[in-house]
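Given next are the chains, with one letter for each unit.
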Amino acid sequence: MSGSEVQIDAMKKDSQAIQEAGGIIQVMPLTLANKIAAGEVVQRPASAVKELVENALDAGASSIQIHLQGAGSTLIQVIDDGCGMNEDDARLCFERHATSKIKTVSDLESIHTLGFRGEALASIASVSQVEMTTGTSPDGAAVKIKIEGGAEIETSPAAPMRGTSISVRNLYFNVPARRNFLKRPQTELKHILDAVQVLSLSNPRVAFSLVHDGNELLSAESESDSGLDALGLRACSLIPVSRPQELIQVEESTSYLGIRGLLGSPEGSRRTRGQQFMFVNGRYVKHRYLEHAVHASYEYLLPEGSYPFFVLFLDIDPRHVDVNVHPTKAEVKFDDERGVYGMIRAVVGRALGTALQTPDMNKARPLSGLELDIQDATPPTEGVSKIDASSFFGSGSDRVRERGEHISRASRSLYEGARLAMSVPASSTDESAGTTRGGLGEEGLLWQLHDTYILTQIRSGLVIIDQQMAHERILYEQAIACLKDGFGLSQQLLFPRTIEFSASDFSLLEDLMPDLKKLGFDVDAFGGNSVIVRGVPADISTGDERSVLDEIVDQYRLFEKVDRLTGRENLARSVASRGAVRAGMKLSSREMRALIDQLFQCEAPYASPDGRPTLITLSGEELRERFDRK
Ligand code: ADP
Ligand code: MG
């Protein structure tokens, strides 16, 4: 029986009540609504454990004890020493949408707690027998509440305490179908362990213990802080990957994204993906695409089919990421996914490069392997791309494969980007950014090849920039910025134009109008299906102004259909694609320099908005090798 069948089963049982009340449409009884939500939020015992432990963490606990019986289906008890609740809150917390964590819609944009939907306790309580004791101070009043199947059955005073102890017994006792749906106890237990491991990894300061039927399965003492050393100790105490000193630390940030964490040595890699942990703003996520960015950085260091250990924490302004896509919150969406990919690739590549070249790491073998393999892999072989694409997307459709190859091409060159970045700072937000721009394309060192590529030298070799890809990246980031908070500069047309559109294009344009204005289009509806254009964004290379909007609409439709892009991401990509200089356009050296400057001010300079490389490098070594110089 599938999850939804289980839900339907539960609904049928309660539907009697609905029918008795007469009429067809009814507001669901609350207990039924909670039960249905429980199917989503409490998929299995591990989800209940996760929710309860997250609540303890949100409550600021410094120690969390978990006791289980029967792999969680008989008992899940979570005891914390967090802030606790007073009597009113203790009752309220079991109501649906009761949360202390967000109050207004704008809070949604800056969530810093793990919970926020206020539905976990209501859902759990609706399908189990809950007993909670909680108090806010060791010498104040505490309260004990019993709830069964969502209904409060008893409230009584309890001995003073600070913290909360919550016991969830007989999960799904009132949804037999769901209970039968549970997997073998070992499997459920494994899920619980995984969930606790993840939460414990991201909170090294909090002590954890997990006891199952009297056996301690996990125990982690509190680390002194949340720094990378502490994280290393915590990681090694949870997962016997290696010794803390063998882990490679990464820590870098730009104004868009912060990346910190630990990378396992190539020798410590495993045959399964089980030891890879990625967190976004403290929240554990499974993100195949971004995990791929890490694998790709190890590409030449790992035997085929093995996966490195890593723990990475991405920190990003909550406005750039949507965590609200699924109630269990394991999925996230970034507004610039490819940009994030590129940065991970560069940062991890750089950290590996640096660490593995450090003599006291005693890593002579992988280093020589690294250099050899990179040379062997140039030019890129088809085979490599295919493997990347299929293991990454797990699907054979042409489009998917094509995208996979795209990405693998991009990532190969991003590796080069990382190597470039080893010798010059990667982003303009680095303090030493001046060196980047000074180093790249100093006076007289710029050359345009075939009116398409810009060649320039850096300390370690030759950089070749694709002018169109680079300009698309620049325009794309500018557009995203304008759409977010600003007003794009508009360049007024000498003669305003009216353009007649088809009915469907016109209705699309109407939807896009507010965003187009933010981008610097001075446009308005002009009767019927026509639009008047008085100005266009200043940085769009104009030409035939009349067609600018026309082309953007066409491009938008195309992206919508082919790449499934929507909203602002699509608009920004369309504008970038329409506005960028093309291959075959002659650029003055001033234009070339401006382009390079702006490219390196981008958050993700190494890839175009659709993931193609903006630049490649040829290192001095490669040149020496090819010329057979000793
Ligand atoms: P959410 O975590 O999304 O807010 P929950 O249903 O998990 O929703 O919890 C509801 C509320 O109950 C929380 O917002 C919090 O105020 C309170 N709460 C739950 N567990 C605890 C706890 N262990 N300690 C203190 N307060 C808690
Ligand atoms: Mg919660």
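All of the points below concern the structure found in this document. (Residues numbered from 1 in each chain as written. Chains lettered and ligands numbered in written order. Predicted model: local features only at pLDDT ≥ 70, side-chain atom pairs only at ≥ 80, totals over all residues. Heavy atoms only, no water.)

Ordered by their spatial adjacency, three strands build an open sheet running β19-β21-β20, and the pairing between neighbours is antiparallel. Across the chains shown, the open sheet's two edge strands, defined by having one partner strand only, are β19 (490-500) and β20 (522-525). Strand-to-strand, the axes of this sheet are offset by a mean angle of 15°, without reference to chain direction. Note: β20 against strand β21 (residues 530-537), four bridges, orientation antiparallel. (Pairing = 2+ DSSP bridges. Helix = DSSP H or I, 4+ residues; strand = E, 2+ residues; numbered from the N terminus. Axes fitted to C-alpha atoms, helices over the stretch in contact; angles between N-to-C directions.)

The next thing to look at is the side chain of His-471. You can see His-471 is positioned in helix α15 (residues 467-485). The contact partners of His-471, leaving out residues within four places of it in the chain, are Gly-579, Ala-580, Val-581 and Leu-595. (Contact = heavy atoms within 4.5 Å.)

Moving on, we get to the nonpolar core. Grouped together as the largest cluster of nonpolar side chains are 59 residues, with contacts concentrated most on Val-53, Ile-64, Phe-94 and Leu-201. Examining the composition of this core, we find that seven residues originate from one element, helix α3 (residues 45-58), more than from any other. Apart from residues no more than four positions distant in its own chain, Leu-201 is found in contact with Leu-231, Arg-234, Ala-235, Leu-238, Ile-239, Phe-277, Phe-279, Val-311 and Phe-313. If you look at the next biggest cluster of nonpolar residues, it comprises 34 residues, including Leu-257, Leu-290, Met-343 and Val-347. (Core = buried A, V, L, I, M, F, W, Y, C linked by side-chain atoms within 4.5 Å. Buried < 20%, exposed > 50% of the residue type's maximum accessible area, 1.4 Å probe, protein only.)

Moving on: the pattern of salt bridges. Under the definition given, this model contains 22 salt bridges. Among the salt bridges present, the one from Lys-484 reaches Asp-335, with a minimum N-O distance of 2.6 Å. With Lys-484 in helix α15 and Asp-335 in the loop between β15 (333-334) and α10 (337-357), the pair connects residues that are 149 residues apart, well separated along the chain. Of the residues examined, Lys-484 reaches a relative accessible area of 32% and is grouped as partly exposed. (Salt bridge = Lys/Arg side-chain N within 4 Å of Asp/Glu carboxyl O.)

What follows concerns the environment of Met-513. Relative to the helices and strands, Met-513 is located in helix α16 (residues 503-519). For Met-513, the residues in contact, after removing those within four places along its chain, are Val-523, Asp-524 and Ala-525.

Let us now look at the packing of aromatic side chains. How two aromatic rings sit relative to each other is set out by the distance from centre to centre and by the angle between their planes. Counted by the stated rule, this structure contains five aromatic pairs. With a centroid separation of 6.5 Å and 50° between ring planes, the pair formed by Phe-277 and Tyr-284 is classed as tilted. The exposure class of Phe-277 is buried, given its relative accessible area of 3%. Residue classification places Tyr-284 among the partly exposed residues on the basis of a relative accessible area of 25%. Here Phe-279 and Phe-313 contribute two aromatic rings whose centre-to-centre distance is 4.6 Å and whose plane-to-plane angle is 15°, an arrangement assigned as stacked. Remark: Phe-313 occurs in strand β13 (residues 310-316) and Phe-279 occurs in strand β11 (residues 276-280); sequence separation between them is 34 residues. Both residues of the pair, Phe-279 and Phe-313, belong to the buried class. These aromatic residues form a ring-pair network of at least three members: Phe-277, Phe-279, Tyr-284 and Phe-313. Above the plane of the ring of Phe-559 lies Arg-573, whose end atom (NZ or CZ) is 4.6 Å from the centre. (Phe/Tyr/Trp six-rings, centres within 6.5 Å; stacked < 30°, edge-to-face > 60°. Lys NZ or Arg CZ within 6 Å of the ring centre and 35° of its normal.)

Not every one of the 18 residues close to ligand 1 is listed here, only the nearest: Asn-55, Thr-99, Ser-100, Lys-101 and Gly-118. Residue Asn-55 places a side-chain N or O atom 2.8 Å away from an oxygen atom belonging to ligand 1. Interatomic distance of 2.9 Å between a side-chain N/O atom of Asp-80 and a nitrogen atom of ligand 1. When ligand 1 sits alone it has 530 Å² of accessible area, and the protein chains cover 92% of it. Of the residues that constitute the shell around ligand 1, the class distribution is seven nonpolar, seven polar and four charged. (Near = heavy atom within 4 Å. Polar contact = N/O pair within 3.5 Å; in protein donor to acceptor, adjacent residues only side chain to side chain. Areas by Shrake-Rupley, 256 points an atom, 1.4 Å probe, with all protein chains shown as cover. Nonpolar A, V, L, I, M, F, W, Y, C, P; charged D, E, K, R; others polar.)

Looking now at α3. Helix length check: α3 (14 residues) gives 20 Å between terminal C-alpha atoms against 20 Å at 1.5 Å per residue, within 8%. The set of residues buried in α3 consists of Pro-45, Ala-46, Ser-47, Ala-48, Val-49, Glu-51, Leu-52, Val-53, Glu-54, Ala-56 and Leu-57. Gly-60 sits one or two residues past α3 and shows a positive phi near 80°. (Expected span 1.5 Å × (residues − 1).)

Let us now look at the sheet that holds strand β3 (residues 129-137). With mixed pairing, the eight strands of this open sheet are ordered in space as β5-β4-β3-β6-β2-β1-β7-β8. Of all the strands in the sheet, the pair left with one neighbour each is β5 (151-158) and β8 (215-220). Across the sheet, the axes of successive neighbouring strands diverge by a mean angle of 10°, strand direction being ignored. In this structure, strand β4 (residues 142-148) lies alongside β5, joined through seven bridges in antiparallel fashion. Each residue of the ladder has a partner; that of Lys-144, found in β5, is Ser-156. Sheet contacts for α3: β1 (63-69), β2 (75-80), β6 (161-169) and β7 (207-212); angle to β2, the most-contacted strand, approximately 10°.

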